[in-house]
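Given next are the chains, with one letter for each unit.
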Amino acid sequence: MKKIQNPLFVTKSFLPPLEEFEPYLQDIWASKWLTNNGKFHQEFEAALCQYLGVKHICLFSNGTLALLTALQALEISGEVITTPFSFVATTHALWWNNIKPVFVDIEPETFCLDPMKIEAAISPKTTAILPVHVYGTPCDVKRIKAIADLHKLKVIYDACHAFGVKRGGQTVLNFGDLSVMSFHATKVFNTFEGGAIVCHDKSMKKRIDFLKNFGFANETTVVGPGINAKMNEFQAALGVLQLKYVEDIIKKRKILACAYRENLRTIDGIRLLQVPENTESNYGYFPIVVDQGIFGRSRDYVYEKLKKHNIISRRYFYPLISQFPPYKELKSARKGLLPVAEKVSQEILCLPLYPDLSIDEVDCVCECIRLIKGR
Ligand SMILES: *Cc1c(COP(=O)(O)O)cnc(C)c1O
């Protein structure tokens with residue numbers, strides 16, 4: 001196997017050529033309008049709506065503040081049904097809103113919240129469902145909507161992985177009452193840090209925009225206890241520029257993901273995530289499931305060995321959110337109650353995938369996995 005000189009990380013942020021960003025900076029310096037719904041903020045919102053195929057978008061300084069604010073906007077309280085298989089911010093947003101998370105298991109194929117298990121977790125205190133389109137794989141949005149409608153629950157999708165993902169030619173961002181996005185450095189589309197809420201009507205957009213700006217409706221009117229979660233002009237300008245590249249980024253990711261798939265397909269004990277029929281993925285992640293019984297080695301063994309070869313994979317999502325304090329004390333977090341999520345989190349490994357990665361490097365990673373298996 002070829003020696004890997006520089007470590008291959010699980011991701012590497014995409015940036016446009018610096019000289020292309022300079023005119024944007026000159027513009028900001030000339031106007032001295034640095035934040036509070038400036039020119040680039042407005043331009044980025046409009047461009048995003050157009051690109052993503054959504055009606056209204058509210059920009060945020062990051063995805064976590066967008067999640068917190070989404071829960072405030074819909075006045076969610078009591079208990080919320082959510083998944084343990086996500087980035088920890090999904091549940092933290094509930095906790096910070098004084099809401100009790102109720103964990104429900106995931107589907108073995110998609111790793112998304114299992115709709116068949118939601119109803120058993122509904123109590124008189126349940127007010128909403130917070131599912132996650134994990135790795136950009138769309139949740140079973142139809143079933144979730146049917147359950148939410150029947151029990152009069154709100155649905156907020158954590159769509160932080162789902163930038164540009166479509167099902168049946170339609171964006172997945174229009175499902176649920178609100179969808180929350182992240183433009184963090186590690187995501188398919190980044191503004192260094194950043195986030196957004198997708199909503200369906202003007203009055204909700206107005207409410208969210210008030211909330212993210214301390215609750216100010218105008219100079220002297222505060223409509224409620226808001227927060228400061230605004231996106232600044234630097235981030236918004238970068239967003240406008242990044243948007244010109246995102247199509248190309250996703251195309252490159254797709255080519256690399258196909259190369260991985262083609263190569264790893266023949267290794268017994270390595271399961272690959274299927275892109276569901278009718279779905280346009282953004283190829284944000286390349287997760288593999290290591291079945292120790294067949295592969296002969298554990299996921300952690302593979303992870304450590306890859307690291308020795310300078311390949312820095314990540315165990316997204318291990319441990320489960322339900323295994324972190326303070327959540328592990330919750331009844332719904334008890335060992336054995338989330339069997340699919342518990343198993344997947346022991347077997348999952350995300351391999352390096354980013355637009356600058358080369359096919360040679362993909363082949364190197366695959367070769368290394370064969371080596372670890374010992375053929
Ligand atoms: C990245 C991420 C978040 C948090 O977004 P930030 O912009 O980093 O605050 C929340 N949920 C999921 C699923 C994420 O991947």
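Residues numbered from 1 in each chain as written. Predicted model: local features only at pLDDT ≥ 70, side-chain atom pairs only at ≥ 80, totals over all residues. Heavy atoms only, no water.

**Structural notes on the sheet that holds strand S13 (residues 286-290)**
Strand-to-strand pairing in sheets goes through backbone hydrogen bonds, with the strands running parallel or antiparallel. Here 3 strands make up an open sheet; going across it, the order is S11-S13-S15 and the pairing antiparallel. Single-partner strands in this sheet number two, and they are strand S11 (270-272) and strand S15 (348-351). Between one strand axis and the next, the sheet turns by 35 degrees as a mean value, whatever way the strands run. Two strands pair when backbone bridges link them, and S13 and S15 are joined in this way by 4 bridges, in the antiparallel orientation. Paired with Pro287 across the bridge in S15 is Cys350. Relative to S15, helix H10 (residues 299-308) is tilted by about 25 degrees, and along the sheet it contacts S13 and S15. (Pairing = 2+ DSSP bridges. Helix = DSSP H or I, 4+ residues; strand = E, 2+ residues; numbered from the N terminus. Axes fitted to C-alpha atoms, helices over the stretch in contact; angles between N-to-C directions. Contact = heavy atoms within 4.5 Å.)

**Observations regarding the domain arrangement of the protein chain**
Think of interface size as the accessible area that goes away when the parts come together; that is how it is often given. Parsing the protein chain into structural domains produces domain 1 (18-105 + 112-242) and domain 2 (246-373). With centres defined by C-alpha atoms, the gap from domain 1 to domain 2 works out at 26 Å. Listed per partner, the contact involves 34 residues of domain 1 and 34 residues of domain 2. For the domain 1 and domain 2 pair, buried surface summed over both sides reaches about 3000 Å², with 66% attributable to carbon and sulfur atoms. Of all residues in domain 1, Phe103, Tyr135 and Val188 give up the largest surface area on contact with domain 2, accounting jointly for 26% of the area buried on that side. The tally of links from domain 1 across to domain 2 stands at 0 salt bridges. At the surface where domain 1 touches domain 2, the tally comes to 12 residue pairs in polar contact (both at pLDDT 80 or more). Of all elements in the fold, only helix H4 (89-96), strand S4 (100-103) and strand S7 (166-167) reach the threshold of two or more residues within the side of domain 1 that touches domain 2. Considering only residue class, the side of domain 1 that touches domain 2 consists of 18 nonpolar, 10 polar and 6 charged. (Domains from an automatic or database assignment. Buried area = accessible area lost by both parts, 1.4 Å probe. Salt bridge = Lys/Arg side-chain N within 4 Å of Asp/Glu carboxyl O. Polar contact = N/O pair within 3.5 Å; in protein donor to acceptor, adjacent residues only side chain to side chain. Nonpolar A, V, L, I, M, F, W, Y, C, P; charged D, E, K, R; others polar.)

**Side note on the side chain of Asn213**
Checked against the element boundaries, Asn213 lands in the loop between helix H6 (202-211) and helix H7 (233-243). Relative accessible area serves as the criterion here: at 18%, Asn213 is assigned to the buried category. When sequence neighbours within four positions are dropped, the list of residues in contact with Asn213 reads Asn36, Ile227 and Lys230. (Buried < 20%, exposed > 50% of the residue type's maximum accessible area, 1.4 Å probe, protein only.)

**Structural notes on the nonpolar core**
In terms of nonpolar packing, the biggest core is built from 66 residues, with Phe44, Phe183, Leu264, Ile288, Leu351 and Ile369 touching the most fellow members. For this core, the leading source of residues is helix H8 (residues 246-264), giving 8 residues. The residue makeup of this core includes at least three contributed by each of domain 1 (18-105 + 112-242) and domain 2 (246-373). Among residues more than four places away in sequence, those in contact with Leu351 are Val10, Tyr260, Leu264, Phe286, Ile288, Leu306, Ser313, Val365 and Ile369. Counting 41 residues, the second-largest nonpolar core is a separate cluster that includes Ile118, Ala121, Tyr327 and Ala341. (Core = buried A, V, L, I, M, F, W, Y, C linked by side-chain atoms within 4.5 Å.)

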